[in-house]
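# Coordinate inspection notes
If you want the building blocks of each chain, they are given just below.
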Amino acid sequence: MANELPADMQGSLGAELLALAVANSGTGVWDRDVPGGRIVYSSAWKAMFGYGDDDISDRIEDSYLRVHPDDLAGVQATISAHFDNQVDNYAVEHRVLCKDGSYKWVISRGKVVSRDADGKPLRMTGVTTDISSTVALSEKLRDCADLLTRLTDEVPGLVYQFKMAPDGSAHYSYASAGIEAIFGITAQAASADASLVEGVIHPDDIDTYRSTLAHSRVGLERWRLQFRVILPDLGEGWREVEATPRRLDDGSTVWHGFVSDITPHKLLEQQLKDAAATDFLTGLPNRRHIMARMEQELARVQREAGATASVLMFDLDHFKAINDQHGHAVGDAVLCHFAAILQQELRRADSAGRIGGEEFALILSGADISDAFNFADRVRARLAETPLLVGATSLAVSVSVGLSAMRAWDRSVASALSRADAALYQAKESGRNQVKVGL
């Protein structure tokens with residue numbers, strides 16, 4: 001497959017889905033091991049610059065040698081700002097050296113998907129898109145309006161000129177044919193009524209759209225924004241606008257810009273984010289994710305008078321014996337069997353996660369001790385009544401549970417977890433297959 005992803009990403013992310021997202025888009029995927037100083041590129045990334053699979057190393061210092069010298073400082077500064085959590089995402093335009101000695105303009109977008117306990121980046125994943133044609137096109141726009149019309153109509157995106165008068169009235173003085181795919185309206189309609197564009201912007205993003213445009217107008221700063229649209233036939237999608245403003249003699253402001261459909265990139269970003277927060281075996285959130293969810297719930301309990309929440313710890317009984325007697329494949333099936341039962345009992349506001357081995361943690365939002373006990377006992381009873389079928393054998397499985405209420409005076413989530421863990425220990429010591437409350 002031309003857009004085959006790195007082998008270590010295929011299993012967890014679903015290579016077929018991700019390949020479809022980037023197929024024929026002039027986009028390559030990369031995955032960076034920050035502490036190890038390594039960066040792995042997809043075959044599509046290498047092919048975009050004329051390289052074969054064995055032409056470039058995975059050393060990060062070698063990757064910087066391929067960045068144009070005039071762009072290197074900006075690239076490194078942008079990466080450092082993201083590593084330091086100054087910006088949510090890494091995004092930068094720069095030039096990359098091709099195998100034939102030429103340079104291509106690209107836009108690289110990425111995000112740190114895992115950090116250590118101190119917040120230092122461990123893994124960063126992203127995409128690089130060839131924008132050489134767009135950059136070349138922008139240079140030609142200044143010289144020939146006719147060439148603009150003929151060429152921009154072929155660009156997969158919207159090339160436009162937007163003018164706003166001093167009184168705030170505005171119109172699109174030019175819009176390429178791509179406006180129909182981007183905003184679901186014609187260039188003629190946009191020229192007559194600029195508000196039609198705002199009409200398709202997601203309600204949650206319209207205020208940001210307007211405020212950032214106003215900021216660009218006042219300071220004549222480059223306007224760049226990612227936002228959602230809702231189109232009648234296509235539903236929700238993501239767009240990215242990049243435009244440069246210029247003040248005219250009459251006080252009007254005119255922007256020359258480009259709007260692209262970044263929905264595939266956002267889908268890929270979400271897949272990467274989900275993979276970083278999910279336990280691969282059970283499909284439940286992993287330890288890091290469930291702990292973050294508990295932190296949110298503790299903050300709510302401390303903020304809202306009378307708010308309640310409970311923490312539960314589940315531990316499958318005799319799990320080591322199951323592994324030893326039946327093998328790890330059956331042990332994995334037991335974990336998935338329990339996870340499925342747990343998920344069926346959860347409400348929308350609840351969160352459960354696998355925190356390691358045969359241990360699971362759960363946060364019940366708005367639940368007091370009585371609610372949590374009833375929930376835990378219901379899960380325990382249902383598991384006991386639902387043996388796992390292994391071939392012709394029915395394998396009985398049980399679980400011990402410890403729980404505790406979150407308290408507004410808890411200094412951290414660890415306090416509630418410690419009480420629940422102590423209760424879980426009591427359940428194990430008292431014969432297993434029961435629920436205990438930590439006070």
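Conventions we followed
- Residues numbered from 1 in each chain as written.
- Predicted model: local features only at pLDDT ≥ 70, side-chain atom pairs only at ≥ 80, totals over all residues.
- Heavy atoms only, no water.
- Helix = DSSP H or I, 4+ residues; strand = E, 2+ residues; numbered from the N terminus.
- Buried < 20%, exposed > 50% of the residue type's maximum accessible area, 1.4 Å probe, protein only.
- Contact = heavy atoms within 4.5 Å.
- Pairing = 2+ DSSP bridges.
- Axes fitted to C-alpha atoms, helices over the stretch in contact; angles between N-to-C directions.
- pLDDT = per-residue confidence, 0-100.
- Salt bridge = Lys/Arg side-chain N within 4 Å of Asp/Glu carboxyl O.
- Expected span 1.5 Å × (residues − 1).
- Arc of directions from axis to C-beta.

## A word on the environment of I322
- Here I322 is to be found in helix α14 (residues 319-326).
- Overall, I322 belongs to the buried group, its relative accessible area being 9%.
- For the pair I322 and V397, spaced 75 residues apart in sequence, the C-alpha to C-alpha distance is 9.2 Å.
- Beyond its immediate chain neighbours, meaning those up to four positions away, I322 contacts D317, G327, V330, G331, V334 and L395.

## Let's talk about the sheet that holds strand β9 (residues 235-247)
- Taken together, 5 strands build an open sheet; the order of strands is β7-β6-β10-β9-β8 and the sheet is antiparallel. Only two strands of the sheet have a single partner each, and these edge strands are β7 (170-175) and β8 (223-231). Going from strand to strand, the sheet's axes swing by 30° on average, the running direction of each strand aside.
- Sheet analysis places strand β6 (residues 158-164) next to β7, joined by 5 bridges and oriented antiparallel. Across the sheet, Y160 pairs through a bridge with A175, a residue of β7.

## Notes on the confidence of the model for the chain
- For the chain, the mean per-residue pLDDT works out to 88, and 90% of the residues sit at or above 70.
- By mean pLDDT, the top-scoring element of the chain is strand β16 (residues 399-405) (96), and the lowest-scoring one is helix α1 (residues 7-13) (50).
- Confidence drops under a pLDDT of 50 for residues 9-15, and excluding neighbours within four residues, the segment shows 16 contacts in the predicted structure.

## Remarks on the pairing of strand β4 (residues 103-115)
- Bridge count between strand β3 (residues 90-97) and β4: 8 bridges; the pairing is antiparallel. Within the sheet, the bridge partner assigned to L97 lies in β4 and is Y103.
- Note: β4 against strand β5 (residues 121-130), 9 bridges, orientation antiparallel. When the sheet's bridge partners are listed, R115 is paired in β5 with P121.
- Connecting β4 to the next strand, β5, in antiparallel fashion are 5 residues, including G119 with a positive phi near 85°.

## Here we look at the pattern of salt bridges
- Counted according to the given criterion, the structure contains 26 salt bridges.
- Across the salt bridge formed by D315 and K428, the nearest N and O atoms sit 2.8 Å from each other. Linking D315 in strand β11 (residues 309-316) with K428 in helix α17 (residues 413-429), this pair joins segments that are 113 residues apart in sequence. Of the two residues, D315 and K428, neither departs from the other in class, the shared state being buried.
- One network of salt bridges, with partners in common, ties together R293, E297, R300, R303 and E304.

## Examining helix α13 (residues 287-303)
- Across its 17 residues, α13 extends 24 Å between first and last C-alpha, which sits within 8% of the 24 Å expected from 1.5 Å per residue.
- For α13, the full list of buried residues reads I290, R293, M294, E297, L298, R300 and V301. Seen along its axis, α13 keeps its buried residues to an arc of 155°; they face one direction. Turned more than 90 degrees from where α13 packs its buried face, Q296 and R303 sit exposed.

## Here's the deal with the sheet that holds strand β17 (residues 435-437)
- Judged by pairing direction, the sheet is mixed, and its 5 strands sit side by side in the order β12-β13-β11-β16-β17 without closing on themselves. Taken across any chain shown, the strands that pair with only one partner, and hence form the sheet edges, are β12 (351-356) and β17. With direction set aside, neighbouring strand axes in the sheet form an average angle of 20°.
- Set on the sheet, α17 makes contact with β11, β13 (359-365), β16 and β17; between it and β16 the angle comes to about 145°.

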